[in-house]
Amino acid sequence: MLVINQETCLECGGCVALCPEEALFLSFNRLECNQDVCTMCLICISFCPVGALGENHAVAI
Amino acid sequence: MRSQYDAVVIGAGPAGSTAAYEIASAGFSVLLLEKHSRPGFPLSCAEAVSIGAVASLPEMREEWISTRIKRACLVGPNQCRITVNRKNAGYILDRPRFDFALAERARAAGADLVCNAIGRDLTRPDRLFASVDVLLESGETVPVEAKVFIAADGVESQIARTAGMTNLCNRDEVFAAAQYRVEEIDIESDVMTFYVGRKIAPGGYVWVFPKSDRSANIGIGITGKTLRGGDAVRMLNRFLRTWYPGGKIGSRSCGLVPTFQGTGTFRLHNILAVGDAARAIDSFSGAGIGHALSSGKHAGRAAAAYISGEITDIGELDSLYPGRYFDERLEELKLYARLRRAYLRFTDGDFNDIVYILRDYFDGRSADNIHVGTLIVHLIKTRPRLLKFIRYVL
Ligand SMILES: Cc1cc2nc3c(=O)[nH]c(=O)nc-3n(C[C@H](O)[C@H](O)[C@H](O)COP(=O)(O)OP(=O)(O)OC[C@H]3O[C@@H](n4cnc5c(N)ncnc54)[C@H](O)[C@@H]3O)c2cc1C
Ligand code: SF4
Ligand code: SF4
C-alpha cells in the first residue's frame, strides 16, 4: 500500500503528474491516494524530491 | 460564483490569470478558479525571468522585482567558473506578489475569481465539454457550465488528463526539484549562479538566485532513471553544507519541472491547456513563467474569438491556439528539448571543457545579443569531440 507522509509532503503535485493510474489527487492542503486504483508501480515514490512517499509491506493473511 | 459563464479558467497561476484577463477584457464572463486561499501562495519556483519573458506585460512594477540580474555565472565540476555580463538580463521576481497582481488584473477586467475551489471532472454530453464540477472547501460540489474551458492547473494538469489529453509526464525525463530560501549569507545581488556536474546534480543543475544581498533561492533539479525518492533534497543539503554552511534555511519547497512533450498537449475539443498544464516550458532550463504568460495570452484571445462567434467550428480554433503561440515559441520549445537530450549525456569532463571554452570566448566580451546557436558552433569548432552530441540537437 502507498503510504503518504503528510508531514514531509510539500504539496508540489509532482507525483500527480506522473501517476499512470490517476490514483493521486492533491486536495485542499493534502495529497490523497485512491488505493483501489493504485498498482504500486513505485513511480511516484522514486520521484518525490523530499521522499514523502513510501511503501507499506503489510501482508494480508 | 454563478452556474454559467462564457469561460471557466482552472488555476490562477500566471497562465490562468493571463487567459482570464484576455477573456474578461474582450467583454465575456469568466470564472477563474484557484485551489489555494490566494493566488501565488504557496509556491515552488526559483522566480527567475528574462526581460523577454515578461515583455508582453504592459508594465513591470517595482514591487514584483526582488533583484535585477546583470551577470550569469557557470561553475563546472572542478569548480572552474565563467561569469558573463549581460545588460538587463532579467529579474528574480517576488512571485507571490507577481501572481497575486496578475490575478487582480484579471479581476479588475471583470473575471470572477473564486479561491478555495478545485476544478475537477468535466462533463461531455456530446462533442464538446459542457460543465466542470467545482469542489468547494465545505465538501460540496457545484457544476458550472461554460462554452470554453482553460486548463491552467499547473504541473498536476489533472483537468486536461481526466478529460483525455495525453500529457502524463515521464519520470525519467522530468526534473525532480527541491529548493530552500537561504538567509544570512553574503551574496552578490546581480548575479545568478549555476553549478553543473554529474555528482553535484545528475541530469540537471544547482541554482543560486539572489533575493537580496543577504538571501537567495538555492535549489536543485535532477533527472534520471536511477533516482530515488528524497534524492533531490539530500543532494541540495550536501551542496549547502559545502558552499553555504552558515546559511539559515527559511522556507522549503519542491516540485516537478516538466519537459515539452510535443504539440498534442495544448487543445482537446473546447479545452485549451496553458502553461505547465500544457507542458509549455523551456525543457533545458526549466523556465516556464514566460511560456505561461504567452500561452495564457493566446489561449485567452482564442477563447474570446470562439465565444464571440468569430470562429464557429471548434476545429478552426487551432490556428489561433495553439497556432499563434506556436508561431512565436514552437521552434524554441523544440530546440531546448533537443539541447536537453544532449546535456543529459555530458560527462564531468565535457562540462569542464565547456566552461573553459566559454571562458576564453567571453573574455572581455559581453553576452548581449548572443544566440545559443552561435555558442554551439563555437564549442564544436573548438572541441570537435563535442560534435558527437550534435545528433541530439539536430
Ligand atoms: C523548483 C522550481 C523552480 C522553478 N524555477 C523557475 C524559474 O526560476 N523561472 C521560471 O520561469 N520557471 C521556473 N519554474 C517553472 C514555473 O514555476 C512554472 O512553469 C510556472 O509556475 C507555470 O505557471 P502556470 O500558471 O502554468 O502554473 P502554476 O504557477 O503552477 O499555477 C497553477 C495554479 O493552479 C492551481 N490549481 C491546480 N490545480 C487546480 C484545480 N484543480 N482547481 C483550481 N486550481 C488549481 C494551483 O494552486 C496554482 O495556483 C520552476 C519550477 C519549479 C518546480
Ligand atoms: S511529489 Fe512528494 S512532495 Fe510533491 S505532492 Fe507528491 S508526495 Fe508531496
Ligand atoms: S505507486 Fe504508481 S499507481 Fe500508485 S499512486 Fe504511485 S504512481 Fe500511482
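Residues numbered from 1 in each chain as written. Chains lettered and ligands numbered in written order. Predicted model: local features only at pLDDT ≥ 70, side-chain atom pairs only at ≥ 80, totals over all residues. Heavy atoms only, no water.

A. Representation of the overall build of chain B within the structure. For chain B, the count of helices and strands is nine helices and 17 strands. Computed over its C-alpha atoms, the radius of gyration of chain B comes to 21 Å, within 12% of the 21 Å expected for a compact globule of 394 residues. Taken along the three principal axes of its C-alpha coordinates, chain B extends 60 × 45 × 40 Å. Looking at chain B residue by residue over its 394 residues, the buried ones come to 56%. Partitioning the contacts of chain B with sequence separation of at least 6, the portion at a separation of at least 24 is 71%. Charge-centre separation for chain B: the mean point of 50 positive side chains lies 7 Å from the mean point of 44 negative side chains. (Helix = DSSP H or I, 4+ residues; strand = E, 2+ residues; numbered from the N terminus. Rg over C-alpha atoms; globule rule 2.2 N^0.38 Å. Buried < 20%, exposed > 50% of the residue type's maximum accessible area, 1.4 Å probe, protein only. Contact = heavy atoms within 4.5 Å. Lys, Arg positive; Asp, Glu negative; His and termini not counted. Charge placed at Lys NZ, Arg CZ, Asp CG, Glu CD.)

B. Helix α8 (residues 372-382) of chain B, seen in detail. Residue and element names in this part refer to chain B. Of the residues making up α8, those classed as buried are Leu-375, Ile-376, Leu-379 and Ile-380. End-on view of α8: buried residues confined to an arc of 130°, all on one side of the axis. Looking at the buried side of α8, the elements it contacts are α6 (323-343), α7 (348-361) and α9 (390-393). (Arc of directions from axis to C-beta.)

C. Just the nonpolar core, in detail. Counting 62 residues, the largest nonpolar core has Val-8, Ile-150 and Leu-272 of chain B as its most contacted members. Top contributing element to this core by residue count: helix α5 (residues 289-308) of chain B, with seven residues. Counting residues in each nonpolar core, the second largest holds 51 residues, with Ile-45 of chain A together with Ile-218, Ile-220 and Leu-256 of chain B among its members. (Core = buried A, V, L, I, M, F, W, Y, C linked by side-chain atoms within 4.5 Å.)

D. Structural view of the packing of helix α1 (residues 14-25) of chain B against helix α2 (residues 95-108) of chain B. Residues and elements named next belong to chain B. For the pair α1 and α2, interaxial distance at closest approach is 8 Å and the crossing angle is 20°. Viewed along their axes, α1 and α2 adopt a mutual orientation that is roughly parallel. The element α1 and its partner α2 pack so that their crossing is left-handed. On the side of α1, the interface is formed by Pro-14, Ser-17, Thr-18, Ala-20, Tyr-21 and Ala-24, while α2 contributes Arg-95, Asp-99, Leu-102, Ala-103, Arg-105 and Ala-106. (Axes fitted to C-alpha atoms, helices over the stretch in contact; angles between N-to-C directions. Parallel < 35°, antiparallel > 145°, perpendicular 65-115°, else oblique. Left-handed = near helix turned anticlockwise from the far one by under 90°.)

E. The arrangement of the environment of Ile-92 of chain B in detail. All names here are of chain B. Assignment of secondary structure puts Ile-92 in strand β5 (residues 81-93). Along the backbone, Ile-92 and Phe-346 are 254 residues apart, and their C-alpha atoms lie at a distance of 28 Å. With residues up to four places along the chain from it excluded, the contact list for Ile-92 reads Ala-46, Glu-47, Ala-48, Ile-65, Ser-66, Thr-67, Ile-69, Phe-209, Pro-210, Lys-211 and Asn-217.

F. View of the interface of chain A and chain B. Of the residues lining the interface, 23 residues belong to chain A; the matching set on chain B comes to 35 residues. Summed over both sides, the interface of chain A with chain B buries roughly 2300 Å², with 67% coming from carbon and sulfur. Inspection of the region where chain A meets chain B yields one salt bridge. Here Arg-161 of chain B makes a salt bridge to Glu-22 of chain A, at a shortest N to O gap of 3.9 Å. (Buried area = accessible area lost by both parts, 1.4 Å probe. Salt bridge = Lys/Arg side-chain N within 4 Å of Asp/Glu carboxyl O.)

G. Focus on the site of ligand 3. Looking at ligand 3, the residues that line it are Leu-2, Cys-19, Pro-20, Glu-21, Leu-24, Cys-38, Thr-39, Met-40, Cys-41, Leu-42 and Cys-44 of chain A. A breakdown of the residues in the shell around ligand 3 according to their chemical character gives nine nonpolar, one polar and one charged. (Near = heavy atom within 4 Å. Nonpolar A, V, L, I, M, F, W, Y, C, P; charged D, E, K, R; others polar.)

H. Spatial organisation of the site of ligand 1. Residues and elements named next belong to chain B. Taken together, 35 residues lie near ligand 1, and Glu-34, Ala-46, Ala-48, Arg-95 and Asp-276 sit nearest. Between ligand 1 and Glu-34 there is a distance of 2.6 Å, counted from an oxygen atom to a side-chain nitrogen or oxygen. Glu-47 places a main-chain nitrogen or oxygen 3.2 Å from an oxygen atom of ligand 1. Within the complex, 90% of the 1000 Å² of free accessible area of ligand 1 lies under protein. Every element with two or more residues in the shell around ligand 1 is listed here: α1, β7 (117-123), β15 (248-257) and α5. The biggest single contributor to the shell around ligand 1 is β7, with three residues. Residues belonging to the shell around ligand 1 are distributed by class as follows: 18 nonpolar, 10 polar and seven charged. Counting only domains with at least three residues in the shell around ligand 1, you end up with domain 1 (7-44 + 96-168 + 261-335) and domain 2 (70-89 + 170-258). (Polar contact = N/O pair within 3.5 Å; in protein donor to acceptor, adjacent residues only side chain to side chain. Areas by Shrake-Rupley, 256 points an atom, 1.4 Å probe, with all protein chains shown as cover. Domains from an automatic or database assignment.)

By themselves, these figures tell us nothing about what the structure is for.
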